[in-house]
Amino acid sequence: MGTGFAQRSLSGGIGIGMSSPFCILIVAGGTGARMKSDIPKQFMEIKGIPIIIRSIQAFLNVDPHFNIVISLHPQYFEWLQAALVKFNINTKQITVTAGGTTRAESVVNGITSIPETFTHVAIHDAARPLVSKATIVRCLEASLRKGNAVPCMDIIDSLRKISNNFNHSVNRNEYKQVQTPQCFKRSEILTAYRETTLTHFTDDATVIESCGHQINLVEGNIENIKITSPIDLKIASLLCPI
């Protein structure tokens, strides 16, 4: 696994516009149980705009022509359709597919819904609405150059590893905090999901790594938090400019 960030200036060399090789897959199948809410976290609002809409807008701010697939529980298809119209998002470039009972199933369902004309996919958590334009572009560019790209941030807290009834300190400089979007060649990540023998994983990079691929790290952005609890929602509201 790569130990440092791949660095590159924003050159726009990612096929902006109709010729982009990327399709964006937004995974939105979670129930948000930790939010203690009657609705999934991705539908909660930050300053009047649903989290999932903000995540969609983050990518359209990079390229308004991106094709986006959203993996979502069928119960919320109509809700999303109405939200897309309300916030003036072109529904012709949005495909909604049924999420699965697990995140892995939701990702596979989403990838198989992507036309094969798209050679690359950027997989993003719907609950990360504050991903920056710079992070997205770094990920897309690095993926085109190296085959995959995963945004990360340095660990600023001290860490301790727990093993059985013991714990000990570890060097935080040997670890990174992983974010999304995680970008891959479409065929490689789909094959990895179908062939992996892993039974527990928390991100897509772990799956493709299990099939022999080295992961390329790029710099993320500190605001790109995953909203999973009420305190996260409060923090995101403070960080969100509008």
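Summary of the structure given here.

1. Examining a nonpolar patch on the surface
Consideration 1: A cluster of nonpolar side chains, Ile 231, Ile 235 and Leu 239, forms an exposed patch at the surface whose accessible area comes to about 250 Å².
Consideration 2: As for its placement among the helices and strands, Ile 231 is situated in helix H7 (residues 230-239).

2. Comments concerning the pairing of strand E5 (residues 67-72)
Consideration 1: Of all the six residues making up E5, five are buried; the element is thus mostly covered by neighbouring parts of the structure.
Consideration 2: Direction of pairing for E5 relative to strand E6 (residues 94-98): parallel, over a ladder of five bridges. Residue pairing across strands places Ile 70 opposite Val 96, the latter belonging to E6.
Consideration 3: The parallel pair E5 and E6 is bridged by helix H2 (residues 77-86), and the resulting crossover is right-handed.

3. Brief notes about H7
Consideration 1: Within H7, the full set of buried residues consists of Asp 232, Leu 233 and Ala 236. End-on view of H7: buried residues confined to an arc of 100°, all on one side of the axis. In H7, the exposed positions that point more than 90 degrees away from the buried face belong to Ile 231, Lys 234 and Leu 238.
Consideration 2: In the core, the buried residues of H7 are packed alongside strand E3 (45-46) and helix H1 (51-60).

4. With respect to the packing of aromatic side chains
Consideration 1: Overall, the coordinates contain three aromatic pairs when judged by the stated rule.
Consideration 2: When the centroid spacing of 5.9 Å and the interplanar angle of 70° are considered together, the rings of Tyr 193 and Phe 201 count as edge-to-face.
Consideration 3: Given the relative accessible area of 9%, Tyr 193 is considered buried.
Consideration 4: With a relative accessible area of 23%, Phe 201 lands in the partly exposed category.
Consideration 5: An aromatic cluster is built from Phe 43, Tyr 76 and Trp 79, whose rings are joined through pairwise contacts.

5. Examining the pattern of salt bridges
Consideration 1: The tally for this structure, following the rule as stated, stands at five salt bridges.
Consideration 2: Arg 103 is paired through a salt bridge with Asp 125; the nearest N and O atoms lie 3.1 Å apart. Taken together, the residues span a long stretch of sequence, with Arg 103 in helix H3 (residues 103-112) and Asp 125 in strand E7 (residues 120-125) at a distance of 22 residues.
Consideration 3: Owing to a relative accessible area of 25%, Arg 103 belongs among the partly exposed residues under this scheme.
Consideration 4: With its nearest N and O atoms 4.0 Å apart, the salt bridge here joins Lys 226 to Asp 125. Of this pair, Lys 226 sits in the loop between strand E13 (217-219) and H7 while Asp 125 sits in strand E7, placing them 101 residues apart in sequence.
Consideration 5: Since its relative accessible area comes to 34%, Lys 226 is described here as partly exposed.
Consideration 6: Residue classification places Asp 125 among the buried positions, given a relative accessible area of 9%.

6. Points about the side chain of Gln 93
Consideration 1: Structurally, Gln 93 is set in the loop between H2 and E6.
Consideration 2: Discounting chain neighbours no more than four positions away, the residues touching Gln 93 are Leu 60, Pro 64, His 65, Phe 66, Asn 67 and Ile 68.

Basis of the calculations
- Numbering of residues starts from 1 in each chain and follows the order in which that chain's sequence is written.
- This being a predicted model, a pLDDT of at least 70 is required before a residue's local features are given, and a value of 80 or more before pairs of side-chain atoms are given or counted; all residues contribute to the totals for chains, interfaces and linings.
- The side-chain values count all of the structure's non-hydrogen atoms but skip hydrogen atoms and water molecules.
- Each patch is assembled from residues with relative accessible area greater than 30% and no salt bridge, linking like charges that lie within 9 Å and nonpolar side chains (Val, Leu, Ile, Met, Phe, Trp, Tyr) that lie within 5 Å.
- Surface accessibility follows the Shrake-Rupley procedure with a 1.4 Å probe radius. Residue values consider only the protein chains on display as shielding.
- The working definition used for a salt bridge is a side-chain nitrogen of Lys or Arg within 4 Å of a carboxyl oxygen of Asp or Glu.
- A run of H or I in DSSP becomes a helix once it reaches four residues, and a run of E becomes a strand once it reaches two; helices and strands are each numbered from the N terminus.
- With a 1.4 Å probe rolled over the protein chains alone, any residue whose accessible area is under 20% of its type maximum counts as buried; one over 50% counts as exposed, and the rest are partly exposed.
- At least two bridges found by DSSP between two strands are what make those strands a pair.
- Look down the strands so they point away from you; if going from the first strand over the helix to the second traces a clockwise path, that crossover is right-handed.
- The arc in question is the one spanned by the directions pointing from the helix axis to the C-beta atoms.
- Note on contacts: a residue pair qualifies if any of its non-hydrogen atoms lie within 4.5 Å across the two residues.
- Note on aromatic pairs: the rings of Phe, Tyr and Trp (six-membered ring only in Trp) are paired at centre separations within 6.5 Å, and the planes decide the class, stacked below 30 degrees, edge-to-face beyond 60, tilted for the rest.

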